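Analysis of the macromolecular model
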Amino acid sequence: CEYFHGYEHCSKFLKKLGLNHATDQDCSNVRYICECVSRRAAHLVSAGVATLVNKIAQESVTVGIDGSVYRFHPHFHDLIMEKMADLVTPGIKFDIMLSEDGSGRGAALVAAVACSGPVK
């Protein structure tokens, strides 16, 4: 909320929810809760991705991530990178990048492999 010169956006959103008398403290509390939830979500994603990166154990790994939270949350990428730096085995270089329509491409790849029959 503070990024927008006070709590106008937060207050407007709370009014849409029918909370017409929200104080600055209420908006501050909403912001704190959003930060906590965002950080926890990023840490959960980081744990899974770091486990895979460590299991792959290559010198350099790039991971594609798809999803609206990753795409639109202004700090989600940084939160993930910060936690993964703690979790990835030292010496492994990693990067995370947006993979637009990753689920659609993944489904197409699986279908193509399934239709091609057994590999000889």
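The name given to the chain in an unreviewed UniProt entry is Phosphotransferase, with Diploptera punctata as the source organism. Looking at the Sequence similarities (unreviewed entry) heading of the UniProt record, one finds this comment for the chain: "Belongs to the hexokinase family." The chain has a UniProt comment under Catalytic activity (unreviewed entry) that states "a D-hexose + ATP = a D-hexose 6-phosphate + ADP + H(+)".

Each helix and strand in the chain was counted, giving five helices and two strands. Reading the chain from its N end, one meets helices and strands in the order α-α-β-α-α-β-α. For the chain, buried positions account for 20% of its 120 residues. Relative to all contacts within the chain whose residues are 6 or more apart in sequence, the contacts with residues 24 or more apart total 69%. Carbon and sulfur atoms make up 61% of the accessible area of the chain, which totals about 8,800 Å².

Bringing the pattern of salt bridges into the picture now. Counting across every chain of the model gives three salt bridges. A salt bridge links Arg-39 to Glu-82; the shortest N-O distance between them is 3.7 Å. Of this pair, Arg-39 sits in helix H2 (residues 24–56) while Glu-82 sits in helix H4 (residues 76–87), and the two are 43 residues apart along the sequence. For Asp-66, the salt bridge is made with Arg-71, and the minimal N-O distance between the two is 3.0 Å. For Asp-66, a relative accessible area of 33% corresponds to the partly exposed category. Overall, the relative accessible area of 33% leaves Arg-71 in the partly exposed class.

A few words on the confidence of the model for the chain. Here the chain averages 85 in pLDDT, and 79% of its residues register 70 or above. Summarising per-element confidence for the chain, the mean pLDDT is lowest in helix H5 (residues 102–115) (63) and highest in H4 (97).

It is worth spelling out helix H1 (residues 8–16) at this point. Buried within H1 are the following residues: Cys-10, Ser-11 and Leu-14. In a view along the axis of H1, the buried residues occupy a sector of 100 degrees, so they form one face of it. Exposed and facing more than 90 degrees away from the buried side of H1 are Lys-12 and Lys-16. For H1, the secondary structure elements touched by its buried residues are H2.

About the criteria used
- Residues numbered from 1 in each chain as written.
- Predicted model: local features only at pLDDT ≥ 70, side-chain atom pairs only at ≥ 80, totals over all residues.
- Heavy atoms only, no water.
- UniProt positions renumbered as here; feature names shortened; annotations may be inferred.
- Helix = DSSP H or I, 4+ residues; strand = E, 2+ residues; numbered from the N terminus.
- Buried < 20%, exposed > 50% of the residue type's maximum accessible area, 1.4 Å probe, protein only.
- Contact = heavy atoms within 4.5 Å.
- Areas by Shrake-Rupley, 256 points an atom, 1.4 Å probe, with all protein chains shown as cover.
- Salt bridge = Lys/Arg side-chain N within 4 Å of Asp/Glu carboxyl O.
- pLDDT = per-residue confidence, 0-100.
- Arc of directions from axis to C-beta.

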